[in-house]
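Residue-level listing of the chains:
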There are 2 protein chains.
Amino acid sequence: MLMDDMGWGDLGVNGDPVRETPNLDAMSVEGMLLTDFYTANPLCSPSRAALLTGRLPIRNGFYTDNIDARNSYTPQEIVGGISQWEILLPELLQKSGYRNKIVGKWHLGHQSQYLPLRHGFHEFFGSTNCHFGPYDNINTPNIAFFRNDRMIGRYFENIKINKDKHISDLTQQYITEAIDFITNQSQPFFLYWTPDSLHAPTFRSSPYVGRSVKNSSYGDTLIEIDEGIGRILDTIKKNDSLANNTFVLFTSDNGAALVSTTDAGSNGPLLCGKQTTFEGGFREPAIAWWPSKIPPNTLSKQPATIMDLFRTIATITDSPMPEDREFDSYDLSPVLFKNQKIDTNIYYYRGNQLMAIRNGNYKAHFWTFTNPIEQYKTGINFCPGNFVKNITTHTLTDHTFRPKLFHMNRDPGERYPISEISKEYKSVFQKFSNLYKEHIDKTKPGKPQLNWCDRAVMHWIPPGCEAINMCLPVPQSKPYKCFWPH
Amino acid sequence: MLMDDMGWGDLGVNGDPVRETPNLDAMSVEGMLLTDFYTANPLCSPSRAALLTGRLPIRNGFYTDNIDARNSYTPQEIVGGISQWEILLPELLQKSGYRNKIVGKWHLGHQSQYLPLRHGFHEFFGSTNCHFGPYDNINTPNIAFFRNDRMIGRYFENIKINKDKHISDLTQQYITEAIDFITNQSQPFFLYWTPDSLHAPTFRSSPYVGRSVKNSSYGDTLIEIDEGIGRILDTIKKNDSLANNTFVLFTSDNGAALVSTTDAGSNGPLLCGKQTTFEGGFREPAIAWWPSKIPPNTLSKQPATIMDLFRTIATITDSPMPEDREFDSYDLSPVLFKNQKIDTNIYYYRGNQLMAIRNGNYKAHFWTFTNPIEQYKTGINFCPGNFVKNITTHTLTDHTFRPKLFHMNRDPGERYPISEISKEYKSVFQKFSNLYKEHIDKTKPGKPQLNWCDRAVMHWIPPGCEAINMCLPVPQSKPYKCFWPH
């Protein structure tokens with residue numbers, strides 16, 4: 001269960017002052033709360049590519065090198081998508097006899113060759129893109145919505161979203177799809193449930209309007225998501241065999257999108273948000289649940305990432321790991337099933353740039369960046385309410401000579417860089433410098449997939465458009481280098 | 001149980017990422033967690049005066065008007081203290097047959113007339129002041145430590161504190177005093193347990209050194225406090241009669257002292273810290289516990305303050321409220337025992353200045369201030385990591401014409417002022433303006449107690465010094481107006 005832009009601090013058990021996630025809180029009591037669980041990139045597309053490949057975006061190609069350290073994703077102008085060469089988790093599981101379904105946002109490319117059914121999924125209900133729009137279908141087409149490998153409509157036309165009132169019943173459809181899929185399986189299954197209603201502009205179905213004491217669309221949407229997860233877990237719990245044999249991991253693709261102010265979540269005490277390599281952008285709410293295997297009411301401070309799901313699930317399902325490629329994926333079985341600690345390194349990337357590394361209790365920033373000052377001055381702020389001198393920088397700032405060091409337990413909010421002349425700094429400096437050099441030396445970048453854009457590839461003629469008479473005239477192809485502002 | 005400088009975000013159940021308060025977390029599961037519980041002033045002395053009198057510092061005199069909106073307290077140069085005219089909670093309870101003891105920091109004045117046994121307490125074990133020092137006993141005397149109305153030694157001499165290593169066994173002594181007092185009571189009792197080890201420089205007893213994954217003295221100290229509270233509650237729980245008849249409230253005197261950086265706690269997602277009227281300075285960790293009366297595992301978002309304890313305890317103990325004075329104290333019985341909501345206003349004062357008001361879900365800042373820019377430039381920062389334009393101001397800024405409005409559930413971190421041209425703003429503007437005017441019109445300030453200082457009143461000759469041969473020569477009296485920098 002991968003949320004969209006949900007923040008670490010949105011979970012009641014992570015201290016949200018209004019505590020409106022009772023089902024997720026209960027899930028954490030039945031399972032394991034992971035406090036130090038990370039994404040692989042502070043933006044949707046690369047985060048999702050990393051989750052499904054078990055590899056850093058720098059390897060699987062979900063980055064740009066049009067310009068250094070810039071966040072990039074898959075808008076409908078994007079030419080690229082997930083490479084045919086990548087092996088996705090559902091492909092691995094398919095070989096082990098699993099039935100795979102994605103419900104929600106795909107975001108790994110929308111051209112035919114990138115669609116989910118080409119990459120190991122048997123079923124797809126959702127969209128390849130965010131619910132942006134509405135568009136005029138002349139300059140920009142409305143985003144296509146899919147059932148399996150065919151479009152069945154477009155956002156704002158067939159999939160209704162009232163953008164002004166933040167209303168849509170799409171999440172309810174996603175909940176129903178999930179429950180139906182789980183209920184009707186006769187074989188092992190992998191469900192990738194990834195609703196995007198928490199991504200601004202957030203939306204909730206009518207019965208949830210005004211439900212939250214937050215008195216915001218985001219708050220209402222969070223309650224709808226939480227209740228949906230409760231219903232899905234209940235479906236699993238009702239069936240003993242499912243309850244004993246289903247591993248559920250709940251997390252988010254990146255930190256709360258603070259740039260959207262009150263139409264966004266909270267990163268609690270963590271610094272900044274989505275788009276940044278500070279903890280607020282990278283650290284995620286995370287709960288692991290498997291009643292027969294994961295000890296209830298446990299908490300793990302194990303630093304781990306969404307990429308670890310790949311190897312962990314390979315282990316759980318006895319699926320052989322591909323041996324022709326490098327992975328950035330640790331087997332979390334000892335963590336989940338025995339609450340043990342394992343040695344991990346967390347690599348914080350932004351685009352093609354390795355920005356920071358966490359090892360043990362320390363995190364070292366080799367580069368810092370929020371967004372360019374010109375952009376900041378126009379009101380685009382990834383760190384509203386936050387300012388840390390020399391850390392929340394508005395230029396891409398090089399600290400490779402003397403990385404900025406933080407203790408992640410003493411100072412998870414990254415307020416107090418450890419003095420460069422302290423013993424503590426000296427005791428770990430060399431280790432981090434070595435980790436940085438080693439990682440860069442050993443990591444062979446994959447071909448960047450997010451460099452090229454072209455208005456001709458937009459959702460003019462998605463597969464299946466003829467059958468429902470929704471094809472649109474395609475403009476002339478004019479590829480251009482995508483512009484990535486942050 | 002009143003902590004010193006503990007922050008809202010330090011509780012595991014309030015989302016501290018390392019969760020090292022298992023006893024307090026368990027206490028909240030056995031009782032009620034209060035998420036919107038406030039102090040009356042963001043500094044020790046006035047907060048404590050408000051707690052014990054049920055009245056705002058502007059009424060009970062614990063403020064200065066040497067200069068507007070300045071935080072003031074009771075250093076050992078202070079001439080003033082708690083007024084003889086004030087009626088303290090232990091005085092009220094004494095009349096109802098209670099035995100009263102304070103263990104820990106008093107902070108309501110150290111001259112004879114201000115000592116706890118003159119104001120309703122039967123027993124005192126602790127100090128009148130913070131554990132600052134060591135001093136040379138020539139220019140400045142070391143702080144006296146008391147048993148009842150006599151000094152029994154001085155900090156750093158008889159009460160050992162290793163300041164460099166942050167070690168002292170004082171908290172253990174406070175735990176033992178509390179347990180002995182509770183165990184040996186044959187009559188109803190009021191214990192005011194207020195250890196100050198979480199106030200920088202923090203200290204913990206030797207067995208706790210290195211215990212915290214925070215790897216800091218603050219972290220270790222928090223664990224020691226948490227375990228101490230666990231032991232005190234166990235003492236109560238072991239005895240059925242006590243367990244059924246004891247009301248325990250746990251909270252803190254003000255927000256985490258972020259100015260002390262890593263030797264301080266966390267205010268979680270809240271803005272700024274101690275000394276400020278932002279949520280990080282004013283909102284406190286709070287748990288109410290009474291197994292037979294308070295429903296277990298409940299959460300209340302009731303806005304309330306430490307002053308409410310006065311009327312609440314008067315109700316619980318059937319003690320008549322004094323009728324010759326104004327109180328700022330609501331009876332929380334319906335909240336605690338029935339989880340009902342009551343209408344309250346929270347007044348955020350800084351010195352003599354009403355800075356902000358909370359009513360329902362909204363908070364309006366009529367004035368904003370962190371600390372003077374000259375001071376800020378020297379490194380004194382009450383808001384490390386935080387910056388909100390026009391809100392975290394470095395001059396005392398007047399917004400009385402257009403108060404800065406925040407929604408406390410949607411935006412507890414005070415990042416996003418509600419637009420002054422919005423319907424939402426207009427719908428509550430008049431109410432807040434009226435509340436502000438009414439409060440100022442109706443509130444008659446008491447005589448300020450914290451205006452005058454004099455080196456002659458320092459701890460040269462505390463009561464009892466002769467008996468233990470610890471009197472020091474008293475310099476000539478030279479009263480001067482105290483300087484309050486923030």
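Residues numbered from 1 in each chain as written. Chains lettered and ligands numbered in written order. Predicted model: local features only at pLDDT ≥ 70, side-chain atom pairs only at ≥ 80, totals over all residues. Heavy atoms only, no water.

Draft legend 1. Structural detail: the overall build of chain A. Looking only at helices and strands, chain A features 12 helices and 22 strands. The C-alpha atoms of chain A give 21 Å as radius of gyration, which agrees with the globular expectation for 486 residues (23 Å, within 12%). Across the 486 residues of chain A, 66% fall into the buried class. A separation of at least 24 residues holds for 71% of the contacts in chain A among residues at least 6 apart in sequence. (Helix = DSSP H or I, 4+ residues; strand = E, 2+ residues; numbered from the N terminus. Rg over C-alpha atoms; globule rule 2.2 N^0.38 Å. Buried < 20%, exposed > 50% of the residue type's maximum accessible area, 1.4 Å probe, protein only. Contact = heavy atoms within 4.5 Å.)

Draft legend 2. Focus on helix α1 (residues 22–30) of chain A. Residue and element names in this part refer to chain A. Of all the positions in α1, only Leu24, Asp25, Met27 and Ser28 are classed as buried. Buried residues of α1, viewed axially, fall in a sector of 155°; they line one side. Tucked inside the fold, the buried residues of α1 contact β2 (32–34), α6 (217–238), β9 (248–252) and β11 (287–289). (Arc of directions from axis to C-beta.)

Draft legend 3. Spatial organisation of the packing of α1(A) against α6(A). Residues and elements named next belong to chain A. Between α1 and α6, whose axes approach to 7 Å, the crossing angle comes to 45°. When the axes of α1 and α6 are compared, the pair comes out oblique. Every residue of α6 that contacts α1 at Pro22, Asn23, Leu24, Met27 and Glu30 is listed here: Asp226, Glu227, Ile229, Gly230, Leu233 and Lys237. A breakdown of the residues in the contact of α1 with α6 according to their chemical character gives 5 nonpolar, 2 polar and 4 charged. (Axes fitted to C-alpha atoms, helices over the stretch in contact; angles between N-to-C directions. Parallel < 35°, antiparallel > 145°, perpendicular 65-115°, else oblique. Nonpolar A, V, L, I, M, F, W, Y, C, P; charged D, E, K, R; others polar.)

Draft legend 4. Representation of the side chain of Thr443(A). All names here are of chain A. The topology assignment puts Thr443 in the loop between α12 (423–442) and β21 (452–453). Within the structure, the side chain of Thr443 is placed 2.5 Å from the backbone oxygen of His439, a separation counted as a polar contact. Leaving out residues up to four positions away in the same chain, Thr443 has contacts with Ile58, Arg59 and Tyr349. (Polar contact = N/O pair within 3.5 Å; in protein donor to acceptor, adjacent residues only side chain to side chain.)

Draft legend 5. A look at unusual backbone geometry. Here the residue pair Ala200(A) and Pro201(A) is connected by a cis peptide bond, since its omega of -5° sits within 30 degrees of zero. Look at the link from Gly133(B) to Pro134(B): it is a cis peptide, with omega at -5°. Structurally, Pro134(B) can be placed in the loop between β5 (123–127) and β6 (144–147). In the Ramachandran plot, Thr261(B) falls in the positive-phi region, its phi being about 45° despite a non-glycine side chain. In this structure, Thr261(B) sits in the loop between β9 (248–252) and α8 (279–282).

Draft legend 6. Fine view of the relation of the copies chain B and chain A. Between the two copies, chain B and chain A, the superposition gives an RMSD of 0.0 Å; the rotation angle is 180° and the shift along the axis is 0.0 Å. The transformation just described matches what one would write down for a two-fold rotation axis. (Least-squares fit on C-alpha atoms with pLDDT ≥ 70 in both.)

Draft legend 7. Spotlight on the state of the cysteines. Residue and element names in this part refer to chain A. All told, the structure shown has 6 disulfides over all chains when counted by the stated rule. Taken in N- to C-terminal order, the disulfide-linked cysteines of chain A are connected 1-2, 3-6, 4-5. Its sulfur unpaired, Cys130 is 5.0 Å from the next cysteine sulfur, which belongs to Cys44. (Disulfide = S-S within 2.5 Å.)

Draft legend 8. Geometry of the confidence of the model for chain A. Here chain A shows a mean pLDDT of 98. Residues at 70 or above account for 100%. The ipTM for the predicted assembly is 0.96, set against a pTM of 0.97. (pLDDT = per-residue confidence, 0-100.)

Draft legend 9. Broad picture of the interface of chain B and chain A. On the side of chain A, 35 residues touch chain B, which itself brings 34 residues to the contact. A buried area of about 2,900 Å², summed over both sides, lies between chain B and chain A, and 58% of it is on carbon and sulfur atoms. Remark: the boundary between chain B and chain A carries 0 salt bridges. Taken together, the connections running from chain B to chain A amount to 14 residue pairs in polar contact (both at pLDDT 80 or more). Per-element tally for the side of chain B that touches chain A: the top contributor is strand β18 (residues 385–387) of chain B, with 3 residues. Class assignment for the residues of the side of chain B that touches chain A results in 15 nonpolar, 12 polar and 7 charged. (Buried area = accessible area lost by both parts, 1.4 Å probe. Salt bridge = Lys/Arg side-chain N within 4 Å of Asp/Glu carboxyl O.)

Draft legend 10. Layout of the sheet that holds strand β13 (residues 304–305) of chain B. All names here are of chain B. Ordered by their spatial adjacency, 3 strands build an open sheet running β10-β3-β13, and the pairing between neighbours is mixed. Edge positions in the sheet fall to β10 (283–284) and β13, since each has one partner strand and no second. The sheet contact formed by strand β3 (residues 37–38) and β10 spans 2 bridges and is antiparallel. When the bridges of β10 are listed, Phe37 appears paired with Glu284. (Pairing = 2+ DSSP bridges.)

Draft legend 11. Main features of the packing of aromatic side chains. Taken as a whole and judged by the stated rule, the model has 34 aromatic pairs over all chains. Judged by centre distance (5.9 Å) and plane angle (20°), the ring pair of Tyr425(A) and Phe429(A) falls under stacked. With a gap of 4 residues between them, Tyr425(A) and Phe429(A) both fall in helix α12, about one helical turn apart. Centroid distance Phe145(B) to Tyr155(B): 5.7 Å. Interplanar angle 75°. Geometry classified as edge-to-face. Here Tyr155(B) lies in the loop between β7 (150–154) and α5 (170–183) and Phe145(B) lies in strand β6, a separation of 10 residues in the sequence. Per residue, the accessibility class of Phe145(B) equals that of Tyr155(B), and both read buried. By the ring-pair criterion, three or more aromatic residues cluster together here, those being Trp106(A), Phe121(A), Phe190(A) and Tyr192(A). Just above the ring of Trp290(A) sits the side chain of Lys293(A); from NZ or CZ to the centre is 5.4 Å. (Phe/Tyr/Trp six-rings, centres within 6.5 Å; stacked < 30°, edge-to-face > 60°. Lys NZ or Arg CZ within 6 Å of the ring centre and 35° of its normal.)

Draft legend 12. Representation of the sheet that holds β6(B). Residues and elements named next belong to chain B. Taken in spatial order, the 5 strands of this open sheet run β7-β6-β5-β4-β8, and their pairing is mixed. Strand pairing shows two members of the sheet lacking a second neighbour, β7 and β8 (189–194), which therefore form its edges. Strand-to-strand twist across the sheet, computed as the mean angle between neighbouring axes with direction ignored, equals 15°. With 3 bridges joining them, β5 and β6 adopt antiparallel strand pairing. Across the sheet, the residue bridging to Phe125 is Arg147, located in β6. Seen against the sheet, helix α2 (residues 44–53) touches β4 (99–105) and β8 and runs at an angle of roughly 170° to β8. Relative to β8, α5 is tilted by about 175°, and along the sheet it contacts β4, β5, β6 and β8.

Draft legend 13. Quick peek at the environment of Glu414(B). Residues and elements named next belong to chain B. With respect to the secondary-structure elements, Glu414 resides in the loop between β20 (404–407) and α12 (423–442). Spatially, the C-alpha atom of Glu414 lies 10.0 Å from that of Thr392, the residues being 22 residues apart in sequence. Here the side chain of Glu414 touches His365 through a polar contact of 2.7 Å, side chain to side chain.

Draft legend 14. Local environment of the pattern of salt bridges. All names here are of chain B. Summed over the entire model, instances satisfying the criterion amount to 46 salt bridges over all chains. Residue Arg358 pairs with Asp36 through a salt bridge whose shortest N-O separation is 2.7 Å. With a gap of 322 residues between them, Arg358 in strand β15 (residues 353–359) and Asp36 in the loop between β2 (32–34) and β3 connect regions that are remote in the sequence. Residue Asp36 is classed as buried on the basis of its relative accessible area of 0%. For the salt bridge of Arg410 with Glu424, the shortest nitrogen-to-oxygen distance reads 2.9 Å. Taken together, the positions of Arg410 in the loop between β20 and α12 and Glu424 in helix α12 put the pair 14 residues apart, joining distant regions of the chain.

Draft legend 15. Spatial organisation of the nonpolar core. Leu52(B), Trp106(B) and Phe247(B) are the most contacted members of the largest nonpolar core, which has 51 residues in total. Counting residues per element, the ones that place at least two in this core are β2, α2, α4 (89–95), β6, β8, α9 (308–316) and α10 (333–338) of chain B. Counting residues per element, this core draws most heavily on α9(B), at 4 residues. Among all residues touching Leu52(B), those that are not within four sequence positions of it are Ile87(B), Leu88(B), Leu89(B), Pro90(B), Trp106(B), Leu108(B), Phe121(B), Phe190(B), Tyr192(B) and Phe310(B). In terms of nonpolar packing, the next biggest core, distinct from the first, is built from 50 residues, Leu92(A), Trp106(A), Phe121(A) and Ala144(A) among them. (Core = buried A, V, L, I, M, F, W, Y, C linked by side-chain atoms within 4.5 Å.)

Draft legend 16. Seen up close, the pairing of β6(B). Residues and elements named next belong to chain B. Across 4 bridges, the pairing between β6 and β7 is antiparallel. Paired with Phe145 across the two strands is Gly153, which belongs to β7. Taken together, β6 and the strand that follows it, β7, pair antiparallel across an intervening segment of 2 residues, in which Asn148 is found at a positive phi of about 55°.

Draft legend 17. Structural context of the pairing of β9(B). Residues and elements named next belong to chain B. In terms of burial, β9 is a largely internal element, 5 of the 5 residues being buried. Here β9 shows two buried faces, one formed by Val248, Phe250 and Ser252 and the other by Leu249 and Thr251. As paired strands, strand β1 (residues 2–3) and β9 are joined by 2 bridges and run parallel to one another. When the bridges of β9 are listed, Leu2 appears paired with Thr251.

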